[in-house]
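Per-entry structural report
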Amino acid sequence: MYYGAMVKLRALEMEDLDLILKHWNNLELRQFLATAWPMSKNAERKWLERATTMDPWRDGGIVLAVEDKKTNEFLGTVSFFDISKQHQKAEFGIAIHNPENYGKGYGTDTTRVMLWAAFHILGLNTVFLITLESNKRAQRAYEKAGFKHAGVLRQGAYMLGKFHDFVIMDVTKKDFFEMYPPGTEVGQQ
Ligand SMILES: CC(C)(COP(=O)(O)OP(=O)(O)OC[C@H]1O[C@@H](n2cnc3c(N)ncnc32)[C@H](O)[C@@H]1OP(=O)(O)O)[C@@H](O)C(=O)NCCC(=O)NCCS
């Protein structure tokens, strides 16, 4: 549906359940996310039932599947949540699931395409995110896609035995339109 240089973002389907479970219970991935305890197939199915029927305006969120656009390999998910109609803003989240796929450019490309959809399709004005201060790979990918450093939430997360600061990053429609003015696309089929 939306294409980057490397990825395709498409609707998440119930058939993605097993693909999600393949890597979801891997601490190498989950240490960077809010919840790092094992998820059962049943719990994941219930999450997927909600995620596959979300409407950004009715439910304030949307989750899309990320695929390699050449091979159709399922790479992970990307989302907006807490979408506010009043403030025209949303929080961004992403997870590339298989650690073997980290550092190949998928995260940067996916983030850029999702921001394009935020500003060119959903009509948002700002998008923000929080990420662990120690997650330098994520911050670099976000920066390359257009996010800027906005601040720090001190000791906002407890993970692997210690507290971590959260870095806040954001991007405005104005910033993004300087990179991709109306009428441009981020990638092609
Ligand atoms: C974070 C994530 C989306 C980034 O996607 P990715 O495909 O791995 O990242 P990319 O390859 O697009 O870009 C990574 C960049 O960080 C750089 N990088 C990697 N490790 C780094 C480190 N320790 N310090 C600084 N930069 C680092 C890479 O060199 C690359 O930058 P470059 O292209 O300028 O060389 C992905 O790794 C992921 O989903 N990780 C697990 C879950 C997670 O962290 N989600 C985000 C929670 S906020």
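Details of the structure are given in the entry above.
Just so it is clear, the structure is predicted and the values come from calculations on it, not from any experiment. (Residues numbered from 1 in each chain as written. Predicted model: local features only at pLDDT ≥ 70, side-chain atom pairs only at ≥ 80, totals over all residues.)

The residue D82 is not glycine, and still its phi comes out positive at about 50 degrees. As for its position among the elements, D82 is in strand β4 (residues 74-84). Residue D82 is classed as exposed on the basis of its 11 C-beta neighbours within 10 Å. The backbone of Q88 sits at a positive phi, close to 50 degrees, despite the residue not being glycine. In this structure, Q88 sits in the loop between β4 and β5 (89-96). Among the residues examined, Q88 registers 16 C-beta atoms within 10 Å and is labelled partly exposed. (Helix = DSSP H or I, 4+ residues; strand = E, 2+ residues; numbered from the N terminus. Buried ≥ 20, exposed ≤ 12 C-beta atoms within 10 Å, placed from the backbone.)

This next bit is on the site of the ligand. Taken together, 20 residues sit near the ligand, with F32, G107, T108, K136 and R140 positioned nearest. Listing elements by their share of the shell around the ligand, those giving two or more residues are β5, α5 (106-120) and α6 (136-145). Taken together, the residues of the shell around the ligand break down into ten nonpolar, six polar and four charged. (Near = placed C-beta within 6 Å. Nonpolar A, V, L, I, M, F, W, Y, C, P; charged D, E, K, R; others polar.)

Before going further, it helps to spend a moment on the environment of P56. Relative to the helices and strands, P56 is located in helix α4 (residues 56-59). On a C-alpha basis, the gap between P56 and R137 in space is 28 Å, while along the polypeptide they are 81 residues apart. Apart from the residues lying within four places of it in its own chain, the contact partners of P56 are G61, I62, F80, I83 and L122. (Contact = placed C-beta atoms within 7 Å.)

This part covers the nonpolar core. Among the nonpolar cores identified, the biggest contains 39 residues, and L115 and A118 are the most heavily contacted of them. Looking at this core, the element that brings in the most residues is α5, giving seven residues. Not counting residues within four places of it along the chain, the set of residues in contact with L115 comprises V127, A145, G146, V171 and F176. (Core = buried A, V, L, I, M, F, W, Y, C linked by C-beta atoms within 7 Å.)

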